[in-house]
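Spelled out from the first residue to the last, the chains are:
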Amino acid sequence: MNTPSASVMNLQDITGCMSDCDPEALTVEQAQDIIREYIQPVCGTEKLTIRQALGRVLAVDITSPINVPAHDNSAMDGYALSGENLSGGQELSLKVIGAALAGIAFTGTIEPHQCVRIMTGAVLPAGCDTVIPQEFTSKVSDSEIRFSVGNLRAGDNRRLKGEDLAMGKIAVRKGKILTPADLGLLASLGIPEVSVQRRLRVAIFSTGNELRSLGEVLEAGSVYDSNRYTLYGMLTRLGCEVLDMGVVQDSPEALEAIMRSACENADAIITSGGVSVGDADHTRRMMERLGDISFWSIAMRPGRPMAFGKINSSGKSAYLFGLPGNPVAVMVSFYFFARQALQQLMGADTKPLPLISVKSDTAIRKRPGRTEIQRGILAMRDDGELGVSTTGSQGSGILRSMSEANCMIVLPHDQGSVAPDDKVRILLFEGLI
Ligand code: AMP
Ligand code: MG
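Because the structure is a prediction, the values reported are computed rather than measured. Residue numbering note: each chain is counted from 1, following its sequence as written. Just so you know, chain letters begin at A and ligand numbers begin at 1, following the order they were written in. Local features in this predicted model are restricted to residues whose pLDDT is 70 or higher, and side-chain atom pairs enter the listing and the counts only when it is 80 or higher, whereas totals over whole chains, interfaces and linings include all residues. Side-chain metrics in this entry use all non-hydrogen atoms of the structure; hydrogen atoms and water are not considered.

Enquirer: What am I meant to see in the overall build of the chain here?
Expert: Numbered from the N terminus, helices here are DSSP runs of H or I no shorter than four residues, and strands are runs of E no shorter than two. Tallying secondary structure elements over the chain gives eight helices and 26 strands in all. The globule rule puts the C-alpha radius of gyration for 433 residues at 22 Å, and the 30 Å found for the chain is more than 25% above it. Its C-alpha atoms put the chain at 90 × 55 × 55 Å along the principal axes. For every residue, the accessible area (1.4 Å probe, protein chains only) is compared with the maximum for its type, and the residue is labelled buried under 20%, exposed over 50%, or partly exposed between those bounds. Taking all 433 residues of the chain together, 45% fall into the buried category. Values of accessible area rely on a 1.4 Å probe in the Shrake-Rupley scheme; residue burial ignores everything except the protein chains shown. Summed over all atoms, the accessible surface of the chain reaches about 21300 Å², with 50% contributed by carbon and sulfur. All tallies of charge rest on Lys and Arg as positive and Asp and Glu as negative; His and the ends of each chain are not included. Where a charge sits is defined by one atom per residue type, namely NZ (Lys), CZ (Arg), CG (Asp) or CD (Glu). Charge centroids of the chain, computed over 42 positive and 49 negative side chains, lie 1 Å from each other. Radius of gyration means the value over C-alpha atoms here, while the globule rule gives 2.2 Å times the residue count to the 0.38 power.

Here you go:
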């Protein structure tokens, strides 16, 4: 069977290629698969200094222009010698004929039964391949040392030229999101600038007549728009440029204008609210009118309704994630669907975040047939093991639960209730780098 190439595939094609795929009852994994199939990375790169490149996506493989380390060198403070000396008796006495310090090489020649005082990192003198650590030697005089050969073998305590990285080998791969370690690695290779993918521009707006922006008066029945702030935070952490387009009232004219403007000025659009069935219908209808959009009901809690696809305006197009309105659902849907998709869009080599298995401190009620994401607090228990507890009430409007949590407890589709001390999987909010 001929399947259309990914670039011309619309959502119907992709969904049609997947067996057992019902937009009214998608599993989390099915929705993630469809999004992954549909997204095509944006093109465009820029050259930046390595400091500016922190958190950006590397656009080309970086091969090492040098050997690291550049020379065989010492891993210890001690004395450098030729391993051939070691074939003799148990006790060895060697004449110290000079010193090699980090940055100052010993350039003389070395004869049998001679050695050179050497410091960690110093280049091994010609003819030396072994270092005896200082603490295993005793001084006979200022120019002679003794040691027992014992367990020392030729080649010990030597770092080989190119053992970290050989010249011509790939040091950092295209698609890597650059970390502090990568900046150091690039610097160690003498590379001052790298080519990175251009920053993604992501437009956000909120829909709902009840929403008020900060600074506005909160009348009875209205709420402050918090989703634009959580989205701003999550997108900024992801390295995106955020185009905040405010709150839009639920009218066809206002929705069309904001959607077109977002589409013409951004690579992706993230909206919140207005995608549930029975919601004031203009948002859904306008999304549908402007592009290739599917409306899903995902078997998950929180976050069931979601719109996904692409809209077009004046010859430009932008991916669209129509997230639910509830503040916790917005964050959970962002982390489970938009985060990896945006990384893919920015050309990053993405992998699902690792889930960690830990014991649950408490019972958790859960019914099979949907993925549940509860807010958790991971902590060290009195018995020295890690345990996770929920933040309490898990309503999808309770943003405090997200703020207090340090992880999400991910209870998979087929899982039933959890008993105390059962293992559960968690997704930590913060990583080290
Ligand atoms: P909706 O998905 O539009 O039906 O919204 C579900 C719930 O989330 C409603 O209680 C809304 O008031 C609330 N909500 C929607 N958008 C926002 C927002 N931007 N900030 C805070 N709450 C919101
Ligand atoms: Mg609404």
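The rest of the description comes next.
Enquirer: Where do I start with the nonpolar core in this structure?
Expert: Nonpolar side chains tend toward joint burial in soluble globular proteins. By nonpolar core is meant a set of buried Ala, Val, Leu, Ile, Met, Phe, Trp, Tyr and Cys residues that side-chain atoms within 4.5 Å join together. Judged by nonpolar contacts, the single largest core of 50 residues is most densely connected at Ile270, Phe321, Phe334 and Leu342. Each domain's extent is set by a domain assignment, obtained either automatically or from a database. Here this core spans two domains, since at least three of its residues come from each of domain 1 (11-44 + 199-345) and domain 4 (356-428). Residues contacting Phe321, with those up to four places away along its chain left out, are Ile35, Ile39, Ile269, Ile270, Thr271, Met306, Ala307, Phe308, Phe337, Ala338, Ala341 and Leu342. Formed by 20 residues, the second largest nonpolar core is a distinct cluster that contains Phe205, Ile258, Ala266 and Met287. In what follows, a contact means two residues having at least one pair of non-hydrogen atoms within 4.5 Å.

Enquirer: Would you mind showing me how to read the pairing of strand 24 (residues 386-390) here?
Expert: Successive residues of a regular strand alternate their side chains across the two faces of the sheet. A pair of strands is treated as paired once DSSP finds two or more bridges between them. Inspection of the sheet shows strand 22 (residues 356-360) paired to strand 24 by two bridges, in the parallel sense. Paired with Lys359 across the strands is Gly387, a residue of strand 24. Here strand 23 (residues 371-380) pairs with strand 24 via five bridges, running antiparallel. Counterpart to Ala379 in the pairing with strand 24 is Gly387. Linking strand 23 to strand 24, which pair antiparallel, is a turn of five residues; within it Gly384 sits at a positive phi near 85°.

Enquirer: Hey, could you run me through the layout of surface pockets in this one?
Expert: If a probe the size of a water molecule is rolled over the atoms, the empty space left behind becomes visible. Lining residues are defined by having an atom within 4 Å of a point belonging to a cavity or pocket. Those points lie on a 1 Å grid over the protein atoms alone, cavities being sets where a 1.4 Å probe fits but cannot get out and pockets being open sets with protein on both sides within 12 Å along at least five of seven lines. Grid points are joined across faces, edges and corners, and a volume is the space filled by probe spheres set on the points. When its volume is computed, the largest pocket comes out at roughly 1500 Å³. Arg339, Gln343, Leu353, Gly431 and Ile433 are, among the 40 residues lining the largest pocket, the residues nearest its centre. Of all the secondary structure elements, the ones that give two or more residues to the lining of the largest pocket are helix 4 (227-237), helix 7 (327-345), helix 8 (399-404) and strand 26 (423-428).

Enquirer: Would you explain a nonpolar patch on the surface in this entry?
Expert: Together, Leu214, Leu218, Tyr224 and Tyr229 line one region of the surface with nonpolar side chains, adding up to about 400 Å² of accessible area. Here Leu218 is to be found in the loop between strand 14 (211-212) and strand 15 (223-224). Candidate patch residues must exceed 30% relative accessible area and have no salt bridge, after which like charges are joined if within 9 Å and Val, Leu, Ile, Met, Phe, Trp or Tyr side chains if within 5 Å. For this document, the term salt bridge refers to a Lys or Arg side-chain nitrogen within 4 Å of an Asp or Glu carboxyl oxygen.

Enquirer: Any chance you could explain helix 4 here in plain terms?
Expert: Among the residues of helix 4, Asn227, Arg228, Thr230, Leu231, Met234 and Leu235 are the ones counted as buried. Taken around the axis of helix 4, the buried residues stretch over an arc of 160°, which confines them to a single face. With its phi angle positive at about 85°, Gly239 sits one or two positions after the end of helix 4. In this description, the arc belongs to the directions extending from the helix axis to the C-beta atoms.

Enquirer: Just to check I follow, could you spell out the pattern of salt bridges for this structure?
Expert: Pairing is possible between side chains of opposite charge, provided their charged atoms come close. Tallied over the entire structure, the rule returns 20 salt bridges. A salt bridge links Glu256 to Arg289; the nearest nitrogen and oxygen atoms lie 3.2 Å apart. Of the two residues, Glu256 is situated in helix 5 (residues 252-265) and Arg289 in helix 6 (residues 282-290); the sequence distance between them amounts to 33 residues. The salt bridge partner of Glu404 is Arg400, with a shortest N-O separation of 3.2 Å.

Enquirer: Help me understand the packing of helix 4 against helix 7 in this model?
Expert: Describing two packed helices takes the angle between their axes plus the distance from one axis to the other. Simply put, an axis is a line fit to the C-alpha atoms, just over the touching stretch for a helix, and the angle between two N-to-C directions goes from 0 to 180 degrees. Contact geometry of helix 4 with helix 7 gives a least axis separation of 11 Å together with a crossing angle of 30°. In terms of their interaxial angle, helix 4 and helix 7 are classed as roughly parallel. Like other packed secondary-structure pairs, helix 4 and helix 7 cross with a definite hand, here right-handed. Seen from helix 4, the contacting residues are Asn227, Thr230, Leu231, Met234 and Leu235; seen from helix 7, they are Pro327, Val330, Met331, Phe334, Tyr335 and Leu342. Its residues placed into classes, the contact of helix 4 with helix 7 shows nine nonpolar, two polar and no charged. Reported orientations rely on four angle classes, namely roughly parallel under 35 degrees, roughly antiparallel over 145, roughly perpendicular from 65 to 115, and oblique for the rest. For any pair of crossing helices, the crossing counts as left-handed if the nearer helix is rotated counterclockwise from the farther one by less than a right angle, and right-handed if it is rotated clockwise. Note on residue categories: nonpolar means Ala, Val, Leu, Ile, Met, Phe, Trp, Tyr, Cys or Pro, charged means Asp, Glu, Lys or Arg, and polar means any other residue, Gly included.

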